[in-house]
Amino acid sequence: MSETATQTIPAAYYGERVTWVHHWTDRLFSFRCTRNPALRFVAGQFCMIGLMVDGKPLTRAYSVVSPPWDEELEFLSIKVPDGPLTSRLQHIKVGDTVLIGRKPVGTLIAESLLPGRNLWMMCTGTGLAPFMSLLRDPDTYDKFDRVIVAHTVRDVNELAYREFITAEMPSHELLGELAAEKLFYAPAVTREDFPFKGRITDRIRTGQLYTDTGLEPLDPAKDRVMLCGSEAFNSDMEKLLEEAGFEEGTNNKPGTYVLEKAFVTK
Ligand code: A2P
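Residues numbered from 1 in each chain as written. Predicted model: local features only at pLDDT ≥ 70, side-chain atom pairs only at ≥ 80, totals over all residues. Heavy atoms only, no water.

1. Things to note about helix α8 (residues 231-243)
Stage number 1. The terminal C-alpha atoms of α8, which comprises 13 residues, lie 18 Å apart, in line with the 18 Å expected from a rise of 1.5 Å per residue.
Stage number 2. Within α8, burial applies to F233, N234, M237, L240 and L241. Buried residues along α8 cover an arc of 135 degrees about the axis, so they all sit on one side. Opposite the buried face of α8, by more than 90 degrees, sit the exposed residues E231, K239 and E243.
Stage number 3. Elements that come into contact with the buried residues of α8 comprise β7 (116-124), α6 (200-206), β11 (224-229) and β12 (257-261).
Stage number 4. Remark: G245 follows α8 within two positions and exhibits a positive phi of approximately 100 degrees. (Helix = DSSP H or I, 4+ residues; strand = E, 2+ residues; numbered from the N terminus. Expected span 1.5 Å × (residues − 1). Buried < 20%, exposed > 50% of the residue type's maximum accessible area, 1.4 Å probe, protein only. Arc of directions from axis to C-beta. Contact = heavy atoms within 4.5 Å.)

2. Brief notes about the environment of T256
Stage number 1. Within the element layout of this structure, T256 appears in the loop between α8 and β12.
Stage number 2. Separated by 10 residues in the primary sequence, T256 and F246 place their C-alpha atoms 5.6 Å from one another.
Stage number 3. If near-sequence neighbours (up to four positions away) are discounted, T256 is found in contact with L113, L114, P220, D223, R224, V225, F246 and E247.

3. Structural notes on the pattern of salt bridges
Stage number 1. Under the defined criterion, the tally for this structure stands at eight salt bridges.
Stage number 2. With a shortest N-O distance of 2.9 Å, R27 and E158 are connected by a salt bridge. Within this pair, whereas R27 is found in the loop between β1 (13-25) and β2 (28-34), its partner E158 is found in the loop between β8 (144-153) and α4 (162-168), the two being separated by 131 residues in sequence.
Stage number 3. Classification of R27 as partly exposed rests on a relative accessible area of 34%.
Stage number 4. Relative accessible area serves as the criterion here: at 8%, E158 is assigned to the buried category.
Stage number 5. Of the charged contacts, one joins R32 and D70 as a salt bridge, the two residues approaching to 3.0 Å between their closest N and O atoms. In this pair, R32 sits in strand β2 while D70 sits in the loop between β4 (56-63) and β5 (72-78), placing the two residues 38 residues apart along the sequence.
Stage number 6. Since its relative accessible area comes to 15%, R32 is described here as buried.
Stage number 7. On the accessibility criterion, D70 (12% relative accessible area) is buried.
Stage number 8. Among the charged side chains, a network of salt bridges with common partners joins R32, D70, E72 and E74. (Salt bridge = Lys/Arg side-chain N within 4 Å of Asp/Glu carboxyl O.)

4. Some words on the domain arrangement of the protein
Stage number 1. When the domains of the protein are assigned, the result is domain 1 (4-101) and domain 2 (110-261).
Stage number 2. Contacts between the two partners involve 21 residues from domain 1, matched on the other side by 18 residues from domain 2.
Stage number 3. Counting the contacts that link domain 1 with domain 2 gives seven residue pairs in polar contact (both at pLDDT 80 or more).
Stage number 4. Sort the elements by how many residues they give to the side of domain 1 that touches domain 2 and β5 lands first, with five residues.
Stage number 5. Partitioning the side of domain 1 that touches domain 2 into residue classes produces 13 nonpolar, six polar and two charged. (Domains from an automatic or database assignment. Polar contact = N/O pair within 3.5 Å; in protein donor to acceptor, adjacent residues only side chain to side chain. Nonpolar A, V, L, I, M, F, W, Y, C, P; charged D, E, K, R; others polar.)

5. Side note on the packing of aromatic side chains
Stage number 1. Across all of its chains, the model carries six aromatic pairs by this definition.
Stage number 2. Considering the side-chain rings of F31 and F75, the 5.6 Å spacing of their centres and the 35 degrees angle between planes classify their relative orientation as tilted. Of the two residues, F31 is situated in strand β2 and F75 in strand β5; the sequence distance between them amounts to 44 residues. Both residues of the pair, F31 and F75, count as buried. (Phe/Tyr/Trp six-rings, centres within 6.5 Å; stacked < 30°, edge-to-face > 60°.)

Put into structure tokens, the structure is as follows:
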């Protein structure tokens, strides 16, 4: 039995049972757990999750991967050998207990954006997580003609959920029709051979992104962007977007782009 299961769960958290664990690579894994029916969230939000360690909650912010209608919760995590939380979390097994914060929050939600032509969901590494939730929320498709997942990773095997997005989404029971019409997948790899190679910042500047996808160049009058990645990625992309005339949106004042960092680095 895990350490968390034997201890009292602090009031700010639900104690949930792990139902599935999948290791993508030695740097990346996903897991699912039960969901308290009282936990409500909007696609794109994050919550604190973690484990009890030495009698105290050890938690970090994680975007929810699963859509709001799913009866379970899913998360995507890196594994850092000496990371306080992920060095432990990477060893969780089905049946273990994890802490799930009771108050999901975040700006990476469709409400923070004005409606538009193309919604570009640009992410690096585990920054894909909130977009996995958003692309399975039918509301996401209401405001946009196309929804594009532009995921950049170092190596091909880090393109987590690639099969799901390309093969399962178009035939998905609830969302298949919407996805087949509106969902585009634009992966890229930076450190290995791959048909789509390089950082998205460079591919935007050179126009390669548009050649590769056949989509129109970013236009603040028409397109919307959600960013979720490392601090360096977010800040480089933010600069690029601001220079192009995009304006950051918030939950109260929708704009033409929003960002959140892919939180867990340890
Ligand atoms: P690169 O391989 O050129 O560093 P990480 O695994 O380090 O989080 O990186 C995930 C992906 O994000 C990598 O493909 C990496 O490219 C890319 N990346 C890192 N920093 C930036 C940045 N400032 N702008 C664009 N892409 C970035």
